[in-house]
Structures are given as structure tokens and as C-alpha cells.
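Notes for the structure review
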Amino acid sequence: MLKKIGLMALSVSSLMAMHVAEVNINENDIEANVHFDLGQFNDTVDPDTTFIGLRYIHASEEHSSVKKIGDMAEAHFLMKHAVGSGLSFGMGIKALRTRLNSNDFSAIPLGFEAGYKIPGNTVLPMELGGMFYYSPEVLSMEDAQNYIEARAYFDVELIPRGKVTLGYRHIDTNYNQGDVDYNHAAYFGFKFAF
């Protein structure tokens with residue numbers, strides 16, 4: 001009997017594990033992001049705990065401290081764990097690259113992420129979350145001095161596996177020649193789980 005309960009719990013948790021595709025926009029910027037849940041590919045990894053992904057940002061000069069900034073490409077790895085009723089924490093690492101004029105920027109920031117599913121709302125489930133990533137000089141390459149990223153978001157699940165997201169991101173790509181506010185902007189978008 002205990003084995004059956006364990007197998008049922010495992011099968012239900014694997015049904016909840018999802019890959020996520022996300023698109024965020026505002027009047028001038030676009031961001032595309034995809035996370036793959038490694039628990040769906042490997043039976044030895046718990047579902048909804050370990051993710052790899054890619055992100056691309058086309059940021060405009062309207063939300064930057066400089067003109068003619070380059071697009072940013074990123075690969076990332078995240079491990080997260082649910083620690084309580086609706087609360088989860090994660091630790092991650094990224095590898096990213098962008099360019100400003102003739103200056104190349106590469107960094108490997110480390111960071112933390114947190115999410116909180118607001119209890120009691122079963123009609124439209126809601127979640128608050130945020131993240132902070134930092135790369136000191138030792139993890140910044142080429143013309144990079146350091147990297148700082150902070151983000152906060154609010155999600156509302158309008159349809160099963162489909163969320164509307166509202167958020168704010170602030171990204172600093174600081175070069176050896178000076179500090180650059182790469183992107184600071186509010187955004188809205190969609191998150192799709194599959």
C-alpha cells in the first residue's frame with residue numbers, strides 16, 4: 001500500500017513538472033526566455049527542481065544609459081526547491097554575452113530566485129517572485145567589470161498552463177571604461193508551460 005501511494009505521488013508530481021516559454025515586451029524592448037525541466041528528461045532528477053534554459057533580450061536605448069547597445073544572449077542553470085506552503089527558493093548560474101560599440105561583455109553571474117504562490121485564489125492562481133544575480137570582476141571577462149541583475153514579477157494564470165506576467169527588470173553591465181545601465185524597464189508578457 002505504501003509503495004502505491006509513493007508511486008501515485010511521484011506520477012502526480014511529474015505531471016506538474018513543466019517546461020516554460022516566456023515572452024516579455026514593452027514599447028521598446030523584447031525578451032524571449034525558455035526553461036527546460038530536466039526532470040522530464042531524466043528519471044533520477046526530481047521534477048520541477050532543476051532547469052536549464054536560454055534567454056535573448058533586444059533592449060532599446062530608451063531604457064538604457066547609452067546609445068547603440070547590443071542584444072544580450074544567455075544560457076542559464078537553476079536548481080530550486082519548495083520550502084513551504086507556496087514558497088520556493090532557487091540558486092542559479094548564468095553565462096551571458098553582449099556588446100557595446102567595440103566593447104565585448106561576458107560574465108558568469110551567480111544568483112538567487114524566489115517565488116510565492118498566493119494562497120486561497122483557485123479561480124485565478126497568482127504568484128509573486130523575484131531574482132537577483134551578480135557577477136564580480138573575477139567572473140567578468142573581456143571588457144566587463146561586473147554584472148548586476150534584479151527583477152520582480154507578478155503572474156496571473158488566466159488559462160491552464162498560461163500566465164500573464166507583469167514585471168520590472170534592472171540590468172547593469174558595468175565595463176572597465178564605465179558603468180552602463182543596460183536595461184531598466186517595466187514589462188508585460190506571457191508564460192506558457194508545456
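Everything in this summary refers to the structure shown in the same document.

Before going further, it helps to examine the packing of aromatic side chains. If you walk through the whole model with that rule in mind, you get 3 aromatic pairs. Between the aromatic rings of F190 and F192, the centroid separation amounts to 5.9 Å while the plane-to-plane angle is 55 degrees, which identifies the pairing as tilted. The class of F190 is partly exposed, set by a relative accessible area of 43%. Looking at K191, its charged tip hangs above the ring of Y153, at a distance of 4.0 Å from the centre.

Next up on the list: the pairing of strand β6 (residues 103-107). Judged by how many residues are buried, β6 sits mostly within the fold: 5 of 5 residues are covered. Judged by which residues are buried, β6 turns out to be covered on both faces: N103, F105 and A107 on one side and D104 and S106 on the other are all buried. Both strand β5 (residues 87-100) and β6 contribute to a ladder of 5 bridges, which runs antiparallel. Paired with R99 across the strands is D104, a residue of β6. Connecting β5 to the antiparallel partner β6 that follows it, the hairpin turn spans 2 residues, and N101 within it adopts a positive phi of roughly 55 degrees. Pairing between β6 and strand β9 (residues 140-142): 3 bridges, direction antiparallel. Bridge assignment links A107 to a residue of β9, and that residue is S140.

Pairs may arise between side chains of opposite charge once their charged atoms sit close together. This model, assessed by the stated rule, comprises 15 salt bridges. The shortest N-O distance in the salt bridge between D29 and R169 comes to 3.8 Å. Residue D29 is located in the loop between β1 (20-25) and β2 (30-37), and its partner R169 is located in strand β11 (residues 162-175); the two are separated by 140 residues in the primary sequence. One exposure class covers both D29 and R169, and it is buried. Among the salt bridges present, the one from E149 reaches R55, with a minimum N-O distance of 2.9 Å. Residue E149 is found in strand β10 (residues 144-159), and its partner R55 is found in strand β3 (residues 50-58); the two are separated by 94 residues along the sequence. The network of salt bridges with common partners includes D29, E31, R55, E74, K94, E149, R151 and R169.

About the cut-offs
Residues numbered from 1 in each chain as written. Predicted model: local features only at pLDDT ≥ 70, side-chain atom pairs only at ≥ 80, totals over all residues. Heavy atoms only, no water. Phe/Tyr/Trp six-rings, centres within 6.5 Å; stacked < 30°, edge-to-face > 60°. Buried < 20%, exposed > 50% of the residue type's maximum accessible area, 1.4 Å probe, protein only. Lys NZ or Arg CZ within 6 Å of the ring centre and 35° of its normal. Helix = DSSP H or I, 4+ residues; strand = E, 2+ residues; numbered from the N terminus. Pairing = 2+ DSSP bridges. Salt bridge = Lys/Arg side-chain N within 4 Å of Asp/Glu carboxyl O.

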